[in-house]
Amino acid sequence: MYKEMNEWKHLFKLDPAKEISDEQLDRLCESGTDAIIVGGTDDVTLDGVLDLLSRIRRHTVPCILEISNMEAITPGFDYYYIPMVMNSTEKKWMMDIQHQAIKQYKDIMDWDETFVEGYCILNEEAKAFKHTSCYMPDMEDVTAYAYMAENVFHLPIFYMEYSGTYGDPKLVRQVKAQLNNTLLFYGGGIENNFQAAEMKEHADAIIVGNSIYTDFKKALKTVKAVENV
Ligand code: 1GP
């Protein structure tokens with residue numbers, strides 16, 4: 001039986017631009033993870049998204065499309081996440097692309113399955129950081145973004161995105177202390193059990209991405225690592 005989103009602890013994020021075998025994909029889907037996100041920054045094509053969707057769909061695990069480009073949107077996912085990059089220096093990534101997407105799709109959008117994520121990208125080396133022209137916020141900035149995500153924008157999710165590097169658990173703890181209703185998602189550099197549990201202690205849910213492709217066995221073990229955290 002799958003849980004409601006506010007009970008989720010662990011998600012895997014699959015990149016449609018990367019290869020994964022059927023065997024590995026099956027093991028991820030049956031691992032006990034709460035959901036699988038399909039999303040990436042570069043080379044996200046409709047073909048890549050559809051390929052993953054059809055393969056994940058053989059399982060009952062909830063699957064989510066995190067929308068990064070308009071050309072790769074398709075029906076069939078359980079949920080759709082729309083990122084708004086709060087620490088981008090360009091309004092485009094906070095407002096304009098979402099505006100365009102909503103103009104085009106609002107008649108078919110279902111708000112029971114669509115969730116907006118307030119993203120704060122915290123790794124200067126991450127592709128997404130550069131791609132969306134982010135600046136590096138300090139601790140006070142990040143907690144203020146979290147506060148805004150909850151109280152100004154009433155967003156369901158605040159996402160601390162360290163993609164590619166392991167973040168600062170102290171900062172995650174401080175951000176969590178700021179939030180009452182908005183869920184805190186943490187993603188970035190989780191490669192083993194210890195890191196998974198450490199971040200899950202503060203975040204509502206952790207997201208494991210890259211290590212699926214670099215050390216599959218360890219990535220898989222992160223699911224059990226957060227079960228009782
Ligand atoms: C990426 O937050 C996710 O969007 C996970 O990060 O790929 O570093 O695990 P990693």
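Residues numbered from 1 in each chain as written. Predicted model: local features only at pLDDT ≥ 70, side-chain atom pairs only at ≥ 80, totals over all residues. Heavy atoms only, no water.

### Focus: the sheet that holds strand β2 (residues 35-38)
Threshold: The pairing criterion is simple: DSSP has to find at least two bridges between the two strands. Secondary structure elements are taken from DSSP: a helix is a run of H or I of four residues or more, a strand is a run of E of two residues or more, and numbering for both begins at the N terminus. Axis definition: a line fit to C-alpha positions, over the contact stretch in the case of helices; interaxial angles, taken between N-to-C directions, run 0 to 180 degrees. The contact criterion used is simple: two residues touch if any of their non-hydrogen atoms lie within 4.5 Å.
The eight strands lie next to each other as β1-β2-β3-β4-β5-β6-β7-β8, forming a closed barrel whose pairing is parallel. The average undirected angle you get between the axes of adjacent strands in this sheet is 30 degrees. Examined bridge by bridge, strand β6 (residues 157-161) and strand β7 (residues 183-187) share five bridges and lie parallel to one another. What sits directly across from I157, in β7, is L183. Against the sheet, helix α9 (residues 216-225) engages β1 (10-14) and β8 (205-208), with an angle of about 155 degrees to β1.

### Quick notes on the packing of aromatic side chains
Let me state the cut-off plainly: Each aromatic pair joins two rings of Phe, Tyr and Trp (for Trp, the six-membered one) with centres within 6.5 Å, and gets the label stacked for planes under 30 degrees apart, edge-to-face for over 60, and tilted for any other angle. Here's how the labels work: a residue is buried when its accessible area is under 20% of the maximum for its type, exposed when over 50%, partly exposed in between, all with a 1.4 Å probe on protein chains only.
Tallied over the entire structure, the rule returns nine aromatic pairs. Ring centres 4.4 Å apart and planes at 15 degrees place the aromatic pair Y119 and Y159 in the stacked group. Here Y159 lies in strand β6 and Y119 lies in strand β5 (residues 114-121), a separation of 40 residues in the sequence. For the residue pair Y119 and Y159, the accessibility class agrees, reading buried in each case. Both rings, one in Y159 and one in F185, keep their centres 6.4 Å apart while their planes meet at 65 degrees; by these two values the pair is edge-to-face. Highlighted residues: Y159 in strand β6 and F185 in strand β7, separated in sequence by 26 residues. Here the aromatic residues W8, Y79, Y81, F115, Y119, Y159 and F185 are joined through ring pairs into a cluster of three or more.

### Some points on unusual backbone geometry
Positive phi is not limited to glycine here, since D43 has a value of about 55 degrees. Examined against the element boundaries, D43 turns out to sit in the loop between β2 and α2 (46-56). One non-glycine residue, S133, lies in positive phi territory at about 50 degrees. By the secondary structure assignment, S133 is in the loop between α4 (127-131) and α5 (139-151).

### Observations concerning the pairing of β5
Among the eight residues in β5, eight count as buried, and that is most of the element. Because side chains alternate across β5, one face comprises the buried residues T114, V116, G118 and C120, and the other comprises F115, E117, Y119 and I121, equally buried. Sheet analysis places strand β4 (residues 79-85) next to β5, joined by six bridges and oriented parallel. Its bridge partner lying in β5, I82 is registered against V116.

### Some remarks on the UniProt feature "binding site: Mg(2+)" (unreviewed entry) in the chain
Convention followed: UniProt positions are given in the numbering used here, feature names are shortened, and annotations may be inferred rather than shown by experiment.
Mapped onto this numbering, the UniProt entry gives "binding site: Mg(2+)" (unreviewed entry) at D15 and T41. Spatial clustering of the annotated residues is evident: they stretch over 27 residues in sequence, but the largest pairwise C-alpha distance comes to 8.4 Å. Within the secondary structure layout, D15 lies in the loop between β1 and α1 (22-29). Its relative accessible area of 15% is what places D15 among the buried residues. Excluding residues within four positions of it along the chain, D15 makes contact with G39, G40, L52 and Y213.

### Digging into the site of the ligand
Convention followed: We call a residue near a molecule or strand whenever a single non-hydrogen atom of that residue lies within 4 Å of it. Here a polar contact is recorded for every N or O atom pair within 3.5 Å, except that within protein the pair must consist of a potential hydrogen donor and a potential acceptor, and residues adjacent in sequence are included only if both atoms are side-chain atoms. For the accessible areas, the method is Shrake-Rupley and the probe is 1.4 Å, while residue cover comes only from the protein chains on display. Three residue categories are used. Nonpolar comprises Ala, Val, Leu, Ile, Met, Phe, Trp, Tyr, Cys and Pro, charged comprises Asp, Glu, Lys and Arg, and polar comprises the others, including Gly.
Taken together, K13, Y159, E161, S163, G164, G187, G188, G189, I207, G209 and N210 make up the full set of residues near the ligand. At 2.8 Å from an oxygen atom of the ligand is found a main-chain nitrogen or oxygen belonging to G189. At 2.8 Å, a backbone N or O of N210 approaches an oxygen atom of the ligand. Burial of the ligand by the surrounding chains reaches 91%, relative to a free accessible area of 300 Å². The residue inventory of the shell around the ligand, partitioned by class, reads two nonpolar, seven polar and two charged.

### Focus on the pairing of β7
Rule in force here: Handedness is read with the strands pointing away from the viewer; a crossover is right-handed when the path from the first strand over the helix to the second is clockwise.
Within β7, five of the five residues are buried, leaving the element largely enclosed by the surrounding structure. The side-chain alternation of β7 yields two buried faces, one formed by L183, F185 and G187 and the other by L184 and Y186. In this view, the connection linking β6 to its parallel neighbour β7 by way of helix α6 (residues 169-178) has right-handed handedness.

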